[in-house]
Amino acid sequence: MNAEPVTLTVDGKEITVPKGTLVIRAAEQLGIEIPRFCEHPFLSPIGACRQCYVEIEGQRKLFTSCTTEVAPGMAVKTQNTSEEAHHGQVANLEFLLLNHPLDCPICDRGGECPLQDQAFAFGPGESRYQEPKRTYRKPVVLSPLVNLDRERCVLCARCTRFCDEISGDRFLELFARGAGERVSIAAGEDFRSPFSGNTVQICPVGALTSATYRFVARPFDLSSADSVCGHCSAGCSVTLNARRGEIVRVLARDDVEVNDAWICDKGRYAFRHADLPARITTPLIRERGLEPASFGEVFDRIAEWSTGARVAFLAGGRLLDEDAYALSKLARVAFGTNDLDHRRTFHGGQAEAVAAAAPMTTTYRDVERAKVIVVAGLDAEQEVPILHLRIRKAARAGARVFVIGPRRTRLWDLAEHHLCLPEHQTYVLEEIHDGDAPEGSFEARVAAALREAGGEAVVLVGERLAEHPLAVDVAFSVAHRYGARFALVPRRAGDRGALRAGVHPSLLPGGRRVGTEAERAEVEAVWGAAPAEPGRSTRQILQACADRELDVLFLIGVDPLRDAPDAALAERALSNAGYVVVQSLELGALEAYADAFLPAAAWAEREGTATDWEGRAQHLVPVRPTAGVSRPDWEILAGIAGAMGRGLGFGTIGDVRAEAAGLLSPREVSPRVTAWTGTGKPQRLGDMTLVTYPLLVDEGRLSEGASELKAALGEEAFVEIHPEDAEKHGLVDGGRAVVRTAAGEAELPVRVTEHVAPGALFVPFNQPGLAANTLLSGGFSTAASISSAPEAAATEEGVRGAQAASANARAVAPREQEEVAS
Amino acid sequence: MSEPVTRVLTANWDDPSVFGIDGYMAKGGYEGLRRAIAMTPSQLIDLVKVSGLRGRGGAGFPTGVKWSFVPQDTGKPTYVVANFDESEPGTFNNREIVEREPHRFLEGMAIAAYAVGSHTAFVYCRGEFLWPGQVLDAAIREAYAKGVFGDSMLGGGYALEVVLHRGAGAYICGEETALLSSLEGFRGQPRLRPPFPAVEGLYESPTLINNVETLATIPAILTNGAEWFSKIGPAKSPGTKIFSVSGKVERPGNYEVPMGTSLRTLLEEHAGGMLGGRRLKAWTPGGSSTPMLTDEHLDVALDFESVAAAGSLLGTGAIIVMDETDCIVEATRRLVQFYAHESCGKCTPCREGTWWVSRVLSRIELGYGRPEDLPLLDDLGRNILFKAFCALADGAVSPIQSSLKFFRDEYVQHIEERGCPFTGRGPGVEGAAEPEGVGVGA
Amino acid sequence: MGVLSPELLEVAEAIKARYPTGRERSAVMPLLYLVQSVEGSLTREGLREVAELLGRTTAEVEAVATFYTMLRTRRTGIHVVAVCTNLSCALRGANAVFEAAHEAAGIAHGEETSEDGLITVHEEECLGACDAAPVVQLDFANHDRVDPERMHELVAAVLAGEIPAPSRGTAPNDFKHASRILAGVEESS
């Protein structure tokens, strides 16, 4: 223990806990449960519900155990040994139930309700209340995701505290006072927060309920499994609930090391994609059209196409660790190629190798405890939401947070943002590294803060930073120079696992370099073979396909038409590739190009291991059997290898894990601190720079079917532009503009905002109305120009609607203009 | 008592000239401040301790000791907050102090600021005091103009800024931590203690909060001496107190008398006796939040200890007088309705308890009471008392428990006769349906 | 921005400046009074504007506004008549005065504001003027010792467009004016 130990007794039992521990926690550690509603271990104590009363020897009044810290020699008596405490609790429950409606039969919370449970265990059997109850119109729709029943609300303020302390989205508040006090939103200001669902889970009654679960099931209907969320690299622990085999709910599981008690709304409400009609659960082979076939048939065909042919593999971010390992081995052993990749940006440099070799060098705890956090090329709230919450947690504890990027993130209230174009991020990082920026500048402040923090600092960079040569290396050097921890944070759930497994043209498992003989030999010792020539990256693979230099293209859980930052190239690649094999849950637009389809099992249908951005491996188990004849990816890949006559040697998933464990134990990698000469004065890409990244709720595959989520948080495509640029180009907020790049053009509604760097045009990557990769030529940013759209497009209603949408999206804008790089 | 009463606070109340700063200073005003800033803060605090002055806002905490709790050298600014939220039913002494001699209070606040090292003082003035707020606004401007407030108080080099902040109608904002919450721009709900306001109060900084009457008492202590003050009234509750007398008396008003004066004296020698010569039935010694007393207690000394010994509390010294024509059940009902209306809603026992009790009392008053209502009210009083987050709920319990203690038969009569014997209304009395037009509940 | 004129926006900044730097949230109450003084009550737009001035959500501001009796989010008359019916005033006949106020203003029970929007009548809690019970406030200006007859006179005067002189101080012109004073915007002489 860090704090000094304190010894006390609870109901006569002695316990020693660190100073500062709350009595209610100490009791829990002894297995003594004290009833409570407003108390929550991750929210600040409030002492509102008065349910957790205990008697403390020597004190006249009862004390709320949730607000009382332990003291040496304290003798606490809970309801188990104190008549007064017991009576106080009974009386309090009688008060709580006064105005509570007898809704249990129709309330979604029934059967898993803390009020039911505690009333049963600690409350009176009957109420003496005979007056009319306070009633409200109900339900109140707070958002398309969350409904509020005010009659059931016990005013514990957990939801409002969550919004204030954890998410910072202060849309839920308590209005009025006395018995009329009620949870509310401001009219016209929806409960539009990517974390809104957490309030439903922590609500101790059925006041806040999910629209997706309304009248859907009772707890005894459900089968449950402990799993890991597959929507991003945060690695949140979740519980999947299925009813008659259909997933109906996802709940957060407590994990202090990873997600505390939270998940984001995408993780919570996008759970239907594996159950949609578009799901294909049998193998298909193209005869005249795509026809059902057996796995054996498809494997044989693939072997036909691939023998002696040029083959490449593209993977998405959906593979579990075992799948990625199987793929990594398959490419090298069965096909003798290093042409495999999962990445979309390619300049991860040193950081990539370190991340592949040595996981857990930077963890959530490190972020939480950091005194200084520098974030570059990462909008955590949109890309890795639970990391965003951790950064907020650190900031509330006093950490200084600095964010570098083209767009202000919703850490705006806790961090200092430096808005700059993507192509200038390297320059900013260099200045921070060199530590000689002009006094008073952002770079000087960051450098000073890092210096002061000693090692208690963290530098977090997103995979988008790896779009620019040297950017990640410079950031890595910044961390190294100031003794800070570093993390290259990928976006997708399978990315870190894929990297570790070596789904990479020049890295083998464990970050061993293809080009370094000694390292390659270690892999050869296990696999028997590993080609020595580094292979092609994702982009190079697509280019090669387009140039007809590849015969068979495997798409393992990826759709380049939507995912690749160059739609035109993807289309050419798929058209010109000899054969396209798709291994996924559905086909979508790939149907036109696929020559074979192999049905993969969803995460919910199988066990496996997922590795989060930290490098933490987490186990998941299935909540239902695999659909149709779909199989886990590793099994399919093993089948392909078998058909090639070069089996992988995996009978069970345990075999995969056992073999991988040897190659994936953490390795020492001496980081080569890259020397570079200054990148010189920052150049602009063009008149304007188009910047894009995926928003949390978009048209991504895994979010299909999540209609309530999209109704609540989804947005039509738009373009954000700084007021100075808007004026220059004659654009108004709510109007329409045409954005042009070398790859194409698109007409979009305009949002004029100070939250984007001058010179930048932010367009979300994949919203209804625009797949932004049609404007890109390989990177997530590119030169662009913008002009007003031709007339007749903007109606007043349209303008107002667009303005309202943009206002709602920017609700809670900071007043002050942040310093902005030119 | 026929000896002249020492007037600490109201000495100049008959002189309209002291309203403005010139008149106030002509009568010796701000001399106390002059003396204060010539002392060291710790000498000043000792002086107030020696005087024995206890807070006049209801808690009765020794003022000098409270001042000494404010830590120095924390690196954070220290604040003084004057509690002018006066909302305790029956209380109106703060208001008249400000309306007649605002500078006496401002002077006391300035002295307090100097004592604790504060350079910014806030006056939290209840919103409904539109005129008194305007009076203060003008007085503060005058004080700035005269060099009393600003960069250098009376030229002594100590800076003090004074900000007037108005409330907006919430009795709970008279509670210290709720006041701070309101002043910070949040809902006026009380906060957890610890941390205590002295250490982490306004804006998480050391803060001294004092009642207006308490502060207004300070200048005289400076000019006339702590010893002088400590010898007035009983040793443990020295000084004078302005008692606000209202209800069924001939002359409702504020009366400054030494602590320890009895109600009998107040009635006979100041408030003109019972209205219309009627008989005293019940009264509160310190506002509605203090348990009612009866004619048995006419001679109880009105000081902190003696009133507590009699089973009540001195509170704000707001004496509400009821006579034999007044219905105690209705009085209790109305008071509990007040607490239900003013409950902030944060905690269960207050929010739900006052709601419940006010409904039961309404039924009883209207003639729809049941025998089981009385033991129920006893039990609810016990379940609310000391169980809530703050003392507002305890204030609600005072009229409930004391009325049941002294006037239970009146409750029984309402229940048995199915109506109110005083208003003559109720199904048992009229034989008719529930009378219309009687507002119940918040 | 809609509710506050450019001049009043400057006033709003001055109000914020009363409080220490970084603590401008304290200005929410006077700013709500300011907005109330323009519109006569707190509208959606008014709340939103205060929220924008303070960089907070509308919900945070509305949470504060709905907590207090004097910040009115409901429909409010040009004039507000508040009749204290707490114990000290009730003992001196305040309930009959409250009845009289409803009658005189032609407001049915259960309603607060007259149909023509001229007068709002509501009960009040202790106004701290019990020496002059029964106490009535017209736009927060005190009227002492009001009996039912006097109540009728007061309301009649207001309906006729005359503002009766209060027992102390000067009468605001109407509720908006009173709100303006409460925002601390008017210099008191």
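Residues numbered from 1 in each chain as written. Chains lettered and ligands numbered in written order. Predicted model: local features only at pLDDT ≥ 70, side-chain atom pairs only at ≥ 80, totals over all residues. Heavy atoms only, no water.

What about the overall build of chain A?
Test applied: Under the DSSP-based scheme used, a helix requires at least four consecutive residues in state H or I and a strand at least two consecutive residues in state E, with every element numbered from the N terminus. The rule is simple: take the accessible area with a 1.4 Å probe, protein chains only, and divide by the maximum for that residue type; under 20% is buried, over 50% is exposed, in between is partly exposed. Every residue pair with non-hydrogen atoms within 4.5 Å of one another is taken to be in contact. Here the Shrake-Rupley method, with its probe set to 1.4 Å, supplies the accessible areas, and only the displayed protein chains count as covering residues.
Summing up its helical and strand segments, chain A has 25 helices and 35 strands in all. Projected onto its principal axes, the C-alpha coordinates of chain A cover approximately 85 × 65 × 55 Å. By the burial criterion, 64% of the 822 residues in chain A qualify as buried. Pairs at least 24 apart in sequence give 72% of the contacts found in chain A among residues at least 6 apart. As displayed, chain A has an accessible area near 29,100 Å², and 50% of this comes from carbon and sulfur atoms.

Observations regarding the pairing of strand β30 (residues 736–741) of chain A
For a regular strand, side chains alternate in direction, first toward one face of the sheet and then toward the other. All names here are of chain A. Put simply, the rule is: Think of it this way: DSSP has to see at least two bridges between two strands before they count as a pair.
Two strands pair when backbone bridges link them, and β30 and strand β31 (residues 745–752) are joined in this way by five bridges, in the antiparallel orientation. Looking at the pairing, arginine 736 lines up with proline 749 of β31. Hairpin geometry of β30 and β31 is characterised by an intervening segment of three residues between the two adjacent antiparallel strands. For β30 and strand β35 (residues 781–788), the ladder comprises five bridges, and the chain directions are antiparallel. The partner of alanine 737 across the bridge, within β35, is serine 788.

Considerations on the sheet that holds strand β3 (residues 136–138) of chain C
Residue and element names in this part refer to chain C. Which entries qualify depends on this criterion: Only the stretch in contact is used when fitting a helix axis, every axis being a line fitted to C-alpha atoms; angles between N-to-C directions are given from 0 to 180 degrees.
With respect to topology, four strands assemble into an open sheet ordered β2-β1-β3-β4, the strand pairing being mixed. Each edge of the open sheet is held by one strand with a lone partner, namely β2 (119–124) and β4 (141–143). Across the sheet, the axes of successive neighbouring strands diverge by a mean angle of 25°, strand direction being ignored. Note that β3 and β4 share three bridges and pair antiparallel. Within β4, the position partnered with glutamine 137 by the bridge is asparagine 142.

Notes on the interface of chain B and chain C
Under the convention used in this document: What gets called buried area is simply the loss in accessible area from a 1.4 Å probe that two parts show on being joined, summed for both. The salt bridge criterion pairs a side-chain nitrogen of Lys or Arg with a carboxyl oxygen of Asp or Glu, the two atoms within 4 Å.
The interface of chain B with chain C comprises 61 residues on the first partner and 51 residues on the second. Counting the surface lost from both chain B and chain C, the interface buries some 4,500 Å², and carbon and sulfur atoms represent 55% of this. The largest per-residue losses of area from chain B upon contact with chain C belong to B:Leu130, B:Ala168 and B:Arg334, which jointly make up 15% of the total buried on that side. Counting across the interface, chain B meets chain C through four salt bridges.

Some details on the interface of chain A and chain C
Rule in force here: Classes in brief: Ala, Val, Leu, Ile, Met, Phe, Trp, Tyr, Cys and Pro nonpolar; Asp, Glu, Lys and Arg charged; the others, Gly included, polar.
Listed per partner, the contact involves 14 residues of chain A and 18 residues of chain C. Approximately 1,400 Å² of surface area, both sides summed, lies buried where chain A meets chain C, with 53% of it carried by carbon and sulfur atoms. On inspection of chain A and its partner chain C, the count reaches one salt bridge. Partitioned by chemical class, the residues of the side of chain A that touches chain C number nine nonpolar, no polar and five charged.

What to know about the side chain of A:Asp495
All names here are of chain A. Under the convention used in this document: Think of a polar contact as two N or O atoms within 3.5 Å of one another; within protein, one of them needs to be a possible hydrogen donor and the other a possible acceptor, and neighboring residues in sequence only count if both atoms come from side chains.
In this fold, aspartate 495 is placed in helix α16 (residues 495–501). Take aspartate 495: its relative accessible area is 3%, and that puts it in the buried class. A polar contact is formed between the side chain of aspartate 495 and the backbone nitrogen of arginine 492, at a distance of 2.9 Å. Excluding anything up to four places from it in sequence, aspartate 495 contacts Gly316, Gly317, His342, Glu463 and Pro490.

A few points about unusual backbone geometry
With an omega of 5°, the peptide bond running from B:Pro194 to B:Pro195 counts as cis. Of note, B:Pro195 is situated in the loop between α8 (176–183) and β4 (207–211). Here the residue pair C:Ala133 and C:Pro134 is connected by a cis peptide bond, since its omega of -5° sits within 30 degrees of zero. Within the fold, C:Pro134 resides in the loop between β2 and β3. Within the chain, C:Arg145 stands out as a residue other than glycine whose phi angle is a positive 45°.

Quick word on the nonpolar core
As a reminder, the rule being used: The criterion is simple. A nonpolar core is a set of buried Ala, Val, Leu, Ile, Met, Phe, Trp, Tyr and Cys residues joined through side-chain atoms within 4.5 Å.
B:Phe122, B:Ile172, B:Leu377, C:Leu31, C:Leu32 and C:Tyr68 are the most contacted members of the largest nonpolar core, which has 97 residues in total. Once you skip the residues sitting within four places of it in the chain, B:Leu377 turns out to touch B:Val357, B:Val360, B:Leu361, B:Ile364, B:Ile400, B:Leu404 and B:Tyr411. Among the nonpolar cores identified, the runner-up in size contains 91 residues, and A:Leu43, A:Val200, A:Leu411 and A:Ala712 belong to it.

In short, geometric facts, not functional conclusions.
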